[in-house]
Amino acid sequence: MSENFEKIKAAPLFFGIDEAELPELLEALDARSRRYQKGEIVMPEGEKTDSLGLVMSGSVLIVQDDFWGNRNLLAAVGPGELFAEAFACAHAVSPVSVQCTTDGSVLYLNVRAVFSPCEKACAQHKTLSQNLIRVLAEKNMQLNEKAGFLSQRTTREKLLAYLSAQARRA
């Protein structure tokens with residue numbers, strides 16, 4: 001695990017966390033790492049999880065298969081990014097699957113431990129929970145923006161809404 005400290009520190013979830021506190025914090029979060037091969041299912045649809053996944057290396061796709069076997073790509077997740085955090089926080093069954101697109105590894109962190117203060121009531125724990133809330137809020141804002149694009153009636157209106165948003169950012 002110590003060989004991944006640089007990757008862990010670089011993840012937005014751990015922004016502002018003191019490196020010296022990281023080993024103890026990871027232990028409190030019941031951190032466990034797992035390697036996957038290309039094409040392997042990381043999390044199947046219909047599974048309930050209490051852990052979020054932090055991609056350490058490689059990449060994963062978040063996909064949803066419909067009744068007729070059509071696969072919809074919802075997101076691509078790379079190193080330093082999270083997946084399954086919303087399902088873990090809500091204690092919900094996942095309506096999506098997560099699949100590796102390359103060989104890689106994932107660090108799993110227990111979400112209940114994120115929101116449960118440790119015995120020492122350390123500041124690092126508070127920072128971690130604030131970071132997780134910020135990540136969830138940013139993803140929510142992105143989904144709201146995407147819904148705004150898709151709610152336009154025509155393809156032309158959808159494209160204009162998207163390009164307008166890009167122009168505002170630039």
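What you are looking at is a predicted structure, and each value in this text was computed from that prediction instead of being measured.

A. Expanded view of the sheet that holds strand β2 (residues 41-43). Strand order in the open sheet formed by four strands is β2-β7-β4-β5, and the pairing between neighbours is antiparallel. Of all strands in the sheet, those bounded by a partner on one side alone are β2 and β5 (71-77). Strand-to-strand, the axes of this sheet are offset by a mean angle of 35°, without reference to chain direction. Note: strand β4 (residues 60-65) against β5, six bridges, orientation antiparallel. From the neighbouring strand, V60 faces β5, where its bridge partner is V77.

B. Representation of the environment of F5. You can see F5 is positioned in helix α1 (residues 5-10). In this structure, F5 is in contact with L22, P23 and L26, ignoring residues within four places of it in sequence.

C. A nonpolar patch on the surface, seen in detail. Judged by side-chain polarity, L159, Y162 and L163 come together as a nonpolar surface patch covering roughly 290 Å² of accessible area. Considering the arrangement of structural elements, one finds Y162 in helix α6 (residues 155-169). Taking relative accessible area as the criterion, Y162 reaches 37% and is therefore assigned partly exposed.

D. Geometry of the confidence of the model for the protein chain. This prediction gives the protein chain a mean pLDDT of 91; 95% of its residues lie at or above 70. No element of the protein chain has a lower mean pLDDT than α1, which averages 86, and none a higher one than strand β7 (residues 97-100), which averages 97.

E. The arrangement of the packing of helix α5 (residues 123-150) against α6 in detail. Relative orientation of the contacting elements α5 and α6 amounts to 140°, with a least axis distance of 7 Å. Classified by the angle between their axes, α5 and α6 sit oblique to one another. Contacts between α5 and α6 involve E145, F149 and L150 from the first element and K158, A161, Y162, A165 and R169 from the second. The residue makeup of the contact of α5 with α6, split by class, is five nonpolar, no polar and three charged.

F. Looking closely at the side chain of S94. Here S94 shows up in the loop between α3 (85-90) and β7. Overall, S94 belongs to the buried group, its relative accessible area being 1%. Other than its neighbours up to four places away in sequence, S94 contacts M43, E45, G46, E47 and F87.

G. Spatial organisation of the nonpolar core. Within the largest apolar cluster, 24 residues are counted, with the highest numbers of intra-cluster contacts made by F14, L26 and L109. Listed by contribution, the elements that provide at least two residues to this core are α1, α2 (22-28), β3 (51-57), β8 (104-110), α4 (111-115) and α5. Residues in contact with L109, not counting those within four places in the same chain, are L13, F14, L26, L29, A31, D50, S51 and L52. Membership of the second largest hydrophobic core comes to 14 residues, among which are M43, V55, V60 and V96.

H. Layout of α5. Taking 1.5 Å per residue as the helical rise, α5 with its 28 residues ought to reach 40 Å, and the 41 Å between its terminal C-alpha atoms agrees with that figure. Regarding α5, the residues found buried are Q124, H125, T127, L128, S129, N131, L132, V135 and F149. Lining the buried residues of α5 we find α2, β3, β6 (82-83), α3, α4 and α6.

Cut-off values and rules
Residues numbered from 1 in each chain as written. Predicted model: local features only at pLDDT ≥ 70, side-chain atom pairs only at ≥ 80, totals over all residues. Heavy atoms only, no water. Pairing = 2+ DSSP bridges. Helix = DSSP H or I, 4+ residues; strand = E, 2+ residues; numbered from the N terminus. Axes fitted to C-alpha atoms, helices over the stretch in contact; angles between N-to-C directions. Contact = heavy atoms within 4.5 Å. Patch = residues over 30% accessible without salt bridge, like charges linked within 9 Å, V, L, I, M, F, W, Y side chains within 5 Å. Areas by Shrake-Rupley, 256 points an atom, 1.4 Å probe, with all protein chains shown as cover. Salt bridge = Lys/Arg side-chain N within 4 Å of Asp/Glu carboxyl O. Buried < 20%, exposed > 50% of the residue type's maximum accessible area, 1.4 Å probe, protein only. pLDDT = per-residue confidence, 0-100. Parallel < 35°, antiparallel > 145°, perpendicular 65-115°, else oblique. Nonpolar A, V, L, I, M, F, W, Y, C, P; charged D, E, K, R; others polar. Core = buried A, V, L, I, M, F, W, Y, C linked by side-chain atoms within 4.5 Å. Expected span 1.5 Å × (residues − 1).

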